[in-house]
Amino acid sequence: MRSTFPLLLLLVGCRHTPHPTTTASGAKQPWSPWVGLVDAVCAPDARCEAIDASGRWSFAATMPGQRTAWTDPADLPGLGAPAAAPDAAPEELDQDGQAAMFARQLSAATHDSGRVGFYRLVVAPDGGRIALLPGNGSTLMHTGHGIKAVRLGLQEAQQPWPATVALHPTGRELYVLAWPDGVLRALDPATFEPHWTLSLENPAYGLYIDPSGRYLLGELTDLDADSADDADPPAASLNRLAPWPEPDGSTDDTVLRNRDAPPATATFVIDLAAKSVAAALPGRLRRSIPVVTTPGLLVATSEAIQFIPTPGAP
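Residues numbered from 1 in each chain as written. Predicted model: local features only at pLDDT ≥ 70, side-chain atom pairs only at ≥ 80, totals over all residues. Heavy atoms only, no water.

Caption draft 1: Inspection of the packing of aromatic side chains at higher detail. All chains considered together, the criterion is met by 2 aromatic pairs. Ring geometry for tryptophan 34 against phenylalanine 59: centres 5.9 Å apart, planes inclined by 70°, an arrangement best described as edge-to-face. You can see tryptophan 34 sitting in the loop between strand E3 (32-33) and strand E4 (39-42) and its partner phenylalanine 59 sitting in strand E6 (residues 55-60), a full 25 residues away along the chain. With respect to class, tryptophan 34 is no different from phenylalanine 59; both count as buried. Of note, arginine 67 hangs over the ring of tryptophan 34, and the distance from its end group to the ring centre comes to 3.8 Å. When the ring centre of tyrosine 208 is taken as reference, the NZ or CZ atom of arginine 115 above it lies at 4.1 Å. (Phe/Tyr/Trp six-rings, centres within 6.5 Å; stacked < 30°, edge-to-face > 60°. Helix = DSSP H or I, 4+ residues; strand = E, 2+ residues; numbered from the N terminus. Buried < 20%, exposed > 50% of the residue type's maximum accessible area, 1.4 Å probe, protein only. Lys NZ or Arg CZ within 6 Å of the ring centre and 35° of its normal.)

Caption draft 2: Inspection of the sheet that holds strand E8 (residues 116-117) at higher detail. Strand order in the open sheet formed by 5 strands is E8-E17-E18-E19-E20, and the pairing between neighbours is antiparallel. In this open sheet, the two edge strands, each paired with only one partner strand, are E8 and strand E20 (276-282). With 2 bridges joining them, E8 and strand E17 (residues 204-209) adopt antiparallel strand pairing. When the sheet's bridge partners are listed, valine 116 is paired in E17 with isoleucine 209. (Pairing = 2+ DSSP bridges.)

Caption draft 3: Main features of the pairing of E4. Strand direction decides the pairing type here: E4 and strand E5 (residues 47-52), joined by 4 bridges, are antiparallel. Its bridge partner lying in E5, aspartate 39 is registered against isoleucine 51. If you look at the hairpin formed by E4 and E5, you'll find 4 residues sitting between the two strands, and alanine 46 has a positive phi there, around 70°.

Caption draft 4: A look at the nonpolar core. Among the nonpolar cores identified, the biggest contains 38 residues, and Tyr175, Leu184, Trp196, Leu216, Phe268, Val269 and Ile270 are the most heavily contacted of them. Those elements that provide at least two residues to this core are strand E15 (183-187), strand E16 (194-200), E17, strand E18 (215-220), strand E19 (266-271), E20, strand E22 (296-301) and strand E23 (304-309). With 5 residues, the top contributor of residues to this core is E17. When sequence neighbours within four positions are dropped, the list of residues in contact with tyrosine 175 reads Phe118, Thr164, Val165, Ala166, His168, Leu184, Arg185, Ala186, Trp196, Ile209, Leu216 and Leu272. The next biggest cluster of nonpolar side chains, apart from the first, holds 16 residues, and it includes Val122, Ala124, Val150 and Leu187. (Core = buried A, V, L, I, M, F, W, Y, C linked by side-chain atoms within 4.5 Å. Contact = heavy atoms within 4.5 Å.)

Caption draft 5: A look at the sheet that holds strand E12 (residues 148-151). Taken in spatial order, the 4 strands of this open sheet run E9-E10-E11-E12, and their pairing is antiparallel. In this open sheet, the two strands that pair with only one neighbour each are strand E9 (121-123) and E12. For this sheet, the mean angle separating the axes of adjacent strands, direction not counted, is 15°. Summarising the sheet, strand E11 (residues 139-143) and E12 pair through 4 bridges and their orientation is antiparallel. (Axes fitted to C-alpha atoms, helices over the stretch in contact; angles between N-to-C directions.)

Caption draft 6: Spatial organisation of the pairing of strand E7 (residues 63-69). As paired strands, E6 and E7 are joined by 4 bridges and run antiparallel to one another. Along E7, the bridge assignment pairs serine 58 with threonine 68. If you look at the hairpin formed by E6 and E7, you'll find 2 residues sitting between the two strands.

Caption draft 7: Representation of unusual backbone geometry in the model. In this model, tryptophan 179 is joined to proline 180 through a cis peptide bond whose omega is 10°. Within the fold, proline 180 resides in the loop between strand E14 (174-176) and E15. In the Ramachandran plot, alanine 46 falls in the positive-phi region, its phi being about 70° despite a non-glycine side chain. Phi at phenylalanine 192 takes a positive value of approximately 65°, unusual for a residue other than glycine. On the secondary structure map, phenylalanine 192 appears in the loop between E15 and E16.

Below, the structure written as structure tokens:
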């Protein structure tokens, strides 16, 4: 089924080198609606299974819109698995403690092909520490070998969602996405020289960079929408979120879907090689699964599912 989703992403050139603004390329395949999807898993042969309120379904990873009732008696592992228990959150760590923790997480992500998450603070390739300081338009600061700081001029980031920065697995590019600003900034981690920016129509926050380093996933927020629980303040309230510390650094699907975060109305996938949007699906992320047989990424949300074929390097 062909569907559209009203999400506009614009590619803006580096501020030091003027380029015309162009509309980012759209996804090669449309997403398929799947309201109430709870979880999905795939076997190495791209045979997949999903569960929703009405039962279990089977489909091929490359054709998620064509599904049949699940009849195989052998369940695929991990479907509907309970959320992993996060590590006990320590009391607020000092900067040295945070740096050591994030350095270990980045090392594990790089060497074990894990995901690189968005954090409060990252350790740069030169050993320095990079963090986004809220207030006064928000300042991005690099410390450790002298101090380097740039003011980003964020409009409403006096209390941004804390997980605002992520370092590419290669260490060559730093990404800043500070909800409720909604602009992805790609910078040189050593100099903060801007590489490129991608403007999203709605406020957004990042989730992680996939193990291949090709895709960045995040979620969008509609500030005018009320939260799912009527007892909670609307999404626009910057004080809705639980105070830190929270479980930090975990990027497992089962943890992300239950983690306290700004209410999500849509999930987006950015192709970092093409510097453009690869997909925009309604709903909150349920799971993303790399597909090897036909290279690509299967993304499932609470309302839709889509296979994103990975193109060649641009």
